[in-house]
Amino acid sequence: MATTSIARPQAGVRPEGGGLLHRLFGRQPAGYLFLLPWLVGFLGLTLGPALASLYLSFTDYNLLESPNWVGAANYVRIATADPRFVAAMRVTLLYVVLSVPLKLVFALLVAMAFNRGLKGLPLYRAIFYLPSLLGSSVAIAVLWRQLFAGDGLVNMALWQLFGIEGPSWISNPRYSLYTLVILSVWQFGSPMIIFLAGLRQIPVDMYEAANLDGASKMRQFFKITLPLLTPVIFFNAVIQTIDAFKAFTPAFIISDGQGGPVNSTLFYTLYLYQEGFGFFRMGYASALAWILVVIIGAFTAFSFLSARYWVHYDE
Amino acid sequence: MATRIELRQIVKSYGTLQAIHGIDLTIEPGEFTVFVGPSGCGKSTLLRMIAGLEEISGGDLFIDADRMNGVPASKRGIAMVFQSYALYPHMSVYKNLAFGLETAGYKRAEIDQRVAQAADILQIQHLLQRRPKALSGGQRQRVAIGRAIVREPKIFLFDEPLSNLDAELRVQMRLEIAKLHQTLGNTMIYVTHDQVEAMTMADKIVVLRDGRVMQVGAPLDLYNRPANQFVAGFLGSPKMNFLPARLDSAASGGHTISVAGRTLDLGRRLAVTGPDEALMMGVRPEHVVLGENAGPASLGLARVQHVEQLGGETILHTALDQGDVLTVSSAGQLAIRPGSMVPLGLDPAFCHLFGADGRVL
């Protein structure tokens, strides 16, 4: 009986005719060509500067002279002799802890209201999403300063409606951070849209089965909606927390770049900016940036590790 | 004790669209009733109205002697098995079964006992700690049924529960649901679009079309004595053959009709207005007989177009001289090839005559 054998290339033996292109990119050079625009951007604008900043974090560098290697001195100083680092960290953590849960709760409440089959939903959705597009802009930060200033709109309303003479919210260290928390919560549109998509994914049958079992709306929320929404809650929480750690513009505008009053709005990124572009201590600023990277990385890793205990993925 | 359900002039409207048109129906205690009909006929809507998941636009629903129109779903003593199973994916099988009992505030010992009992009936004891995603389709279906059983409801409702299962599993689950009905003895309503499920499981079949009841009765009553052409065509596989016919004359013994170019003496009188009335004659494939002297009335020779060998029976798709198509079902394995000519006949006693409005004559 005639048999047909198919020759297979031996392992480790390169087929004949491979040129330089082949040796560099294997059998799919066209694929790498399509990848090139992103690759150039990633290497030149992300990975390159990131590695450069890692090197600079071990130097004393003022932009004008060559970097001077100082070893771990910047990190040691941050850890042991920098009260402004402690202040910035405290303000940022407080901002994260307050703004992220508040924003997520508010976004979820609005999404649930929208999920009840509202008429004109696309219009409302667009209106409520708008602050997310504008919220982190300079214009909105300026508007916020006008709203919460001593003679701002909030105090005018308080006076007109209740006869209360409010303080200058942004000039008072007791309240200034909270105005920024409110600004952050106001930008709930993006997580709200994602929550709404998540709510739409929960099959109606499950609520109907719970209805037949006599489960109250509250029990349905805690036993069905919330557990089935945990993948979306997880996603929103991670993204919003990372965003909150990186918040910069509102504090910069409201405090004129100072982080005042009395360091009450000294966000970590603002302090980093001051060190780098105010005092031209680029090496020190780079060390601050890498500490933030480690903090965000640790938080994200912790989130993913904890997810297996509280995030319920279907199928 | 089993429960009686009564529907009086039940109506369902969505704005100006009326989906259910004044349905009257009584389901006796312990009866296994199947709502059957094509997609969009309103069978699921009717079931959901009984369950309390859909508002009743008009008419009255009684469960035993109590009017239930405004009563919440959870207070009707009903459990429902959904087509999608509606299992909670984040809960174990045990938690899924226990959910309704926990909601109702039962003590842990009672919950454990009821869950164990249901798991025993459905043979899912070994699955109790698993999540739904780790179960096969059939196992999920059992859990969904178990969730209904643990609540010990007065009435079980099934909304196309076998639609997502493969053919083999459907047959198996069909039997198990029928056994469950025998064991529990509860009133059960089962919705399906599959007439085989309806015929094999039901004590009573309700055939629906466009939100109206076409006929109610025992499976064989509907099969043997369909009230109209729709029911006649819907029940039975292969479907009933329909041939256009014309009323010829009325002799003393009964009417004769012209069908497929031949005259057929029915041997009975039809409730018709006069001669030349256009009719439709229906005959089931198993009532068309093969052979030279097959049956009292011959239909002549027919050309075999296609042959289906099912092992226990052979189904022939044939065409008569005039082009009328006739399906023939014959027991056993027949050695007939497509293209051959076969003589066909029938017994007028098994013929169904329908008027222009589709009603049986």
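Conventions and cut-offs
- Residues numbered from 1 in each chain as written.
- Chains lettered and ligands numbered in written order.
- Predicted model: local features only at pLDDT ≥ 70, side-chain atom pairs only at ≥ 80, totals over all residues.
- Heavy atoms only, no water.
- UniProt positions renumbered as here; feature names shortened; annotations may be inferred.
- Helix = DSSP H or I, 4+ residues; strand = E, 2+ residues; numbered from the N terminus.
- Contact = heavy atoms within 4.5 Å.
- Areas by Shrake-Rupley, 256 points an atom, 1.4 Å probe, with all protein chains shown as cover.
- Lys, Arg positive; Asp, Glu negative; His and termini not counted.
- Charge placed at Lys NZ, Arg CZ, Asp CG, Glu CD.
- Salt bridge = Lys/Arg side-chain N within 4 Å of Asp/Glu carboxyl O.
- Buried < 20%, exposed > 50% of the residue type's maximum accessible area, 1.4 Å probe, protein only.
- Pairing = 2+ DSSP bridges.
- Axes fitted to C-alpha atoms, helices over the stretch in contact; angles between N-to-C directions.

The name given to chain B in an unreviewed UniProt entry is Multiple sugar transport system ATP-binding protein, and the organism recorded there is Kaistia dalseonensis.

As recorded by an unreviewed UniProt entry, chain A carries the name Multiple sugar transport system permease protein and is attributed to Kaistia dalseonensis. Chain A has a UniProt comment under Subcellular location (unreviewed entry) that states "Cell membrane". As its UniProt record puts it under Sequence similarities (unreviewed entry), chain A is described as follows: "Belongs to the binding-protein-dependent transport system permease family."

Enquirer: Talk me through the overall build of chain B; I want residue IDs and the actual numbers.
Expert: Scanning chain B from terminus to terminus reveals 8 helices and 20 strands. C-alpha atoms of chain B, sized along the principal axes, occupy 75 × 45 × 35 Å. Of the contacts formed within chain B by residues at least 6 apart in sequence, a portion of 64% connects residues at least 24 apart. When the accessible surface of chain B is summed, it comes to about 15800 Å², and 49% of that surface belongs to carbon and sulfur atoms. A distance of 7 Å separates the average location of the 36 positive side-chain charges in chain B from that of its 36 negative side-chain charges.

Enquirer: Describe in detail the side chain of B:Asn186, supporting the description with residues and values.
Expert: Here B:Asn186 shows up in the loop between α5 (167–184) and β8 (187–192). Excluding its chain neighbours within four sequence positions, the residues that come into contact with B:Asn186 are B:Gly30, B:Glu31, B:Pro153, B:Lys154, B:Phe156 and B:His181.

Enquirer: Which residues make up the pattern of salt bridges, and what are the values?
Expert: Think of it this way: side chains of opposite charge can pair up when their charged atoms draw near. All names here are of chain B. Tallying each qualifying case throughout the model produces 21 salt bridges over all chains. Between Glu 28 and Arg 4 there is a salt bridge, with the nearest N and O atoms lying 3.4 Å from each other. Pair noted here: Glu 28 is in the loop between β2 (17–27) and β3 (32–36) and Arg 4 is in the segment before β1 (5–14), with a separation of 24 residues, a long-range link. A relative accessible area of 34% means that Glu 28 is categorised as partly exposed. Glu 176 is paired through a salt bridge with Arg 142; the nearest N and O atoms lie 3.0 Å apart. Remark: Arg 142 occurs in helix α4 (residues 137–150) and Glu 176 occurs in helix α5; sequence separation between them is 34 residues. Classification of Arg 142 as buried rests on a relative accessible area of 13%.

Enquirer: Lay out the sheet that holds strand β19 (residues 341–346) of chain B in plain terms, naming residues and giving numbers.
Expert: Residue and element names in this part refer to chain B. Taken in spatial order, the 5 strands line up as β15-β19-β16-β17-β18 in an open sheet, and their pairing is antiparallel. Edge positions in the sheet fall to β15 (288–290) and β18 (325–331), since each of these pairs with one other strand and no more. Neighbouring strand axes in the sheet, compared pairwise and without regard to direction, differ in orientation by 45 degrees on average. Looking at chain direction, strand β16 (residues 297–309) and strand β17 (residues 313–320) are connected through 7 bridges and run antiparallel. Looking at the pairing, Gln 309 lines up with Thr 314 of β17.

Enquirer: Please give an account of the UniProt feature "domain: ABC transporter" (unreviewed entry) in chain B that cites residues and values.
Expert: In the numbering used here, UniProt assigns the feature "domain: ABC transporter" (unreviewed entry) to residues 5–235 of chain B. Across residues 5–235 of chain B, the secondary structure splits into 37% helix and 26% strand, with the terminal C-alpha atoms separated by 25 Å.

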